[in-house]
Amino acid sequence: MVSIGAMSGPGQQTRPVRALVLGGGGAHGFAQAVYIHAAIELGFRPDLVIGTSVGALNGAWIAMHPDKPQGLIEIWRDLGELKLLRWSPARLAALVARHRAISQNDVVERLIQEHIRELRFADMAVPLAVIATNLTTAAKAVFRDGALAPAIRASTAVPGVYAPVEIDGHLYVDGCLTATVDLATAIDGGATEILAIALGRPREEAAPRTLLGVLRRSLEVMSHATTVAMMEAAPRSAKVQVVRPNLANESAWRLRNTTAAERRFRQEAFLALEPLIDAHGRLMQPPLSIEGAGPDLTEHRRAA
């Protein structure tokens, strides 16, 4: 595993080191983009960016253009009516028998060709880490050097849906399997203030009724569990705020009606973020919370 590396020792830091951590969630990345814009508008300026899956795509833009979050929203608008996965039962059966995936990651490839191309991590204005999962070693992988495009492809390769990506003889898939919201890499990188934007729905009453529903729900459960575990392990010295957009009735596989969704997400983003960011762009107390996670986790952390 590659790490960002601490920016300075604990006794040497003269100002907060702020990290923006962006979780995975497919088409929910549009909501994340709106929340990023709101955070920057409120004064939050990251010193490092960590992204998993669609969070890697959003993170790459912000690392390249930290003062142009509106441009990220415009990219999502330009995608229009977006469907990330197209399949039929007959096609699915044929693919399962002969291939390691049921679809091609066309949207990600299009975005890479339009906005990333030959860029390298060294070209970023803000240090960037991209999180993937190494299928060969069964471990989290943190990319921060070399070409950016292969790392983005690896981080967004939803297992079983999109084909694994080979890099230096190893196979990589979606980072959500090992660290959807990678607070650990932010802390290892010297962050003292971490704003994380998580995606997915941690609780859902209705049982999934389709293959995609089971896959989506399974990834969400895994994602939420890893996020909670990282929050529990976060040192008390670091300020960590994890916010989660309200994604009820929103599909991770499909993007529709971005104008209405953007308006709603923007209102909700400011309601969620204004109490967390002060006039100087610093994160405020309480030091640890997660919007949308329910009372159990919040009460446990307060008691601690």
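Scanning the protein for helices and strands turns up 10 helices and 11 strands. In the protein, which comprises 304 residues, the proportion classed as buried is 54%. Within the protein, counting contacts between residues at least 6 apart in sequence, those at least 24 apart form 78% of the total. Of the roughly 13800 Å² of accessible surface on the protein, 53% is carried by carbon and sulfur atoms.

According to the stated counting rule, one finds three aromatic pairs in the structure shown. A ring pair is formed by Phe 30 and Trp 76, whose centres lie 6.4 Å apart and whose planes are at 55°; its orientation type is tilted. Here Phe 30 is found in helix H1 (residues 29–41), whereas its partner Trp 76 is found in helix H3 (residues 69–78), with 46 residues between them in sequence. For the pair formed by Phe 30 and Trp 76, the shared burial category is buried. Ring centres of Phe 30 and Phe 265 lie 6.4 Å apart, and the angle between their planes is 70°; on these two criteria the pair is classed as edge-to-face. On the criterion of sequence distance, the pair formed by Phe 30 in helix H1 and Phe 265 in helix H9 (residues 258–273) is long-range, its members being 235 residues apart. Among the residues examined, Phe 30 registers a relative accessible area of 1% and is labelled buried.

Among the five residues that make up strand E1 (residues 18–22), five are buried, leaving the element largely enclosed by the rest of the structure. What you see with E1 is no split at all: Arg 18, Leu 20 and Leu 22 on one side and Ala 19 and Val 21 on the other are buried throughout. In this structure, E1 lies alongside strand E8 (residues 193–197), joined through five bridges in parallel fashion. Within E8, the position partnered with Leu 22 by the bridge is Ile 197.

The next thing to look at is the side chain of Asn 134. Here Asn 134 lies in strand E4 (residues 128–134). A relative accessible area of 6% places Asn 134 in the buried class. Among residues more than four places away in sequence, those in contact with Asn 134 are Ala 139, His 170, Leu 171 and Tyr 172.

Of all the 11 residues making up helix H2 (residues 54–64), 11 are buried; the element is thus mostly covered by neighbouring parts of the structure. Listed as buried for H2 are Val 54, Gly 55, Ala 56, Leu 57, Asn 58, Gly 59, Ala 60, Trp 61, Ile 62, Ala 63 and Met 64.

What follows deals with unusual backbone geometry. What is expected of a backbone is that most residues other than glycine have negative phi and most peptide bonds are trans. Located in the positive-phi region is Arg 117, a residue other than glycine, with phi close to 45°. Along the polypeptide, Arg 117 turns up in the loop between helix H5 (106–116) and E4. Look at Asp 168: it is not a glycine, yet its phi comes out positive at around 50°. Summarising the element assignment, Asp 168 is placed in the loop between strand E6 (165–167) and strand E7 (170–174).

Here is what the cut-offs are and how they apply
- The written sequence of each chain sets the order in which its residues are numbered from 1.
- This being a predicted model, a pLDDT of at least 70 is required before a residue's local features are given, and a value of 80 or more before pairs of side-chain atoms are given or counted; all residues contribute to the totals for chains, interfaces and linings.
- Excluded from the side-chain calculations are hydrogens and water; all other atoms, namely the structure's heavy atoms, are used.
- For the purposes of this entry, the term helix denotes a DSSP run of H or I that reaches at least four residues, the term strand denotes a run of E that reaches at least two, and both are numbered from the N terminus.
- Think of it in three bands: residues with accessible area under 20% of the maximum for their type are buried, residues over 50% are exposed, and the middle band is partly exposed, with areas taken using a 1.4 Å probe on protein chains only.
- Only heavy atoms enter the contact rule, under which two residues are in contact if any of them lie within 4.5 Å.
- Using a 1.4 Å probe, accessible areas were evaluated by the Shrake-Rupley method; residue-level cover was limited to the displayed protein chains.
- Each Phe, Tyr or Trp ring (for Trp, its six-membered ring) is paired with any other whose centre lies within 6.5 Å, and the angle between the two planes then decides the class: stacked below 30 degrees, edge-to-face above 60, tilted in between.
- Here a strand pair is declared whenever DSSP counts at least two bridges between the two strands.

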